Amino acid sequence: RLLVAVVALLAVSACAGGTAVENPASQQKGPPVQSMQLLTPTQGWALTDAALKWTDDGGLTWTDITPSGIAASAIKGLFFLDTRLGWVIASGSTDARGAEEVLSFRTSDGGKTWASSPLSTEKTESRGAPAYIDFADPQHGWAVVKLVSSSNFSIGQLFRTVDGGATWSKLSIPIGDPIRFTTPSDGWTGGGPAGDKLMKYYFADLGLF
């Protein structure tokens, strides 16, 4: 119900020229929405503290599509290329030092079923930190796992897949912030401790494609 209220409030706000309008439905209690995206006028997803949800009717009804075996709170990042293809990066088990296993999940049917694979064979110091995912096409994708550090640093690990997320290989990245790729070879990242870094990568020059 909270998801419907959020969608309704956004629609009212848009009609009012960007001015927020009080909506009684928005007072309904429910799990907070962490992020959401409409992929078509009627289809999209929303991540709450309780579940990853999917709608096919513009937010009137929602279906739980959280990958089996994980809690919604374990999801570090997600990305849908279209209404069928999506990927989730989530926290797995942790060791005595607090380092965690990082898992990837992929779907080709809008979240009805998911396949899983480890993002890396090594556990990472990323507990509680987000991950950022981007795909240029159904096969070529990247994931940045942000590592825990002080506010003076922005560190992360970059992973790349060329088979739709079935397997991942580790690359290097100078900062642990979001990435965007326009082609399987050209990508950008921006951020850093002060938020003032913008870098472009030419993976083709490295002989990776």
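Up top is the structure these notes are about.
Residues numbered from 1 in each chain as written. Predicted model: local features only at pLDDT ≥ 70, side-chain atom pairs only at ≥ 80, totals over all residues. Heavy atoms only, no water.

A.B. asks: Help me out: how do you make sense of the environment of Thr 83 in this one?
C.D. replies: Following the sequence through the fold, Thr 83 ends up in the loop between strand S5 (75-80) and strand S6 (86-94). It is 7.3 Å that separates the C-alpha atoms of Thr 83 and Gly 44, two residues lying 39 residues apart in sequence. The contacts of Thr 83, once residues within four sequence positions are left out, are Leu 39, Thr 40, Gln 43, Trp 54 and Gly 110. (Helix = DSSP H or I, 4+ residues; strand = E, 2+ residues; numbered from the N terminus. Contact = heavy atoms within 4.5 Å.)

A.B. asks: Looking at this structure, I do not really get the sheet that holds strand S2 (residues 44-48). What am I missing?
C.D. replies: Picture the strands of a sheet paired through backbone hydrogen bonds; they go either parallel or antiparallel. An order of S1-S2-S3-S4 is seen for the 4 strands of this open sheet, with the pairing classed as antiparallel. The open sheet has two free edges, formed respectively by strand S1 (33-38) and strand S4 (63-64), since each of these has just one partner strand. Sheet topology places S1 next to S2; 5 bridges connect them, and they run antiparallel. Looking across to S2, one finds that Leu 38 is bridged to Gly 44. (Pairing = 2+ DSSP bridges.)

A.B. asks: In this structure, what is going on with the pattern of salt bridges? I would like to understand it.
C.D. replies: Overall, the coordinates contain 1 salt bridge when judged by the stated rule. Arg 84 serves as the salt-bridge partner of Asp 82, at 4.0 Å between the closest nitrogen and oxygen. By relative accessible area, Asp 82 is classed as partly exposed at 27%. Of the residues examined, Arg 84 reaches a relative accessible area of 44% and is grouped as partly exposed. (Salt bridge = Lys/Arg side-chain N within 4 Å of Asp/Glu carboxyl O. Buried < 20%, exposed > 50% of the residue type's maximum accessible area, 1.4 Å probe, protein only.)

These figures come from the coordinates and say nothing about function on their own.
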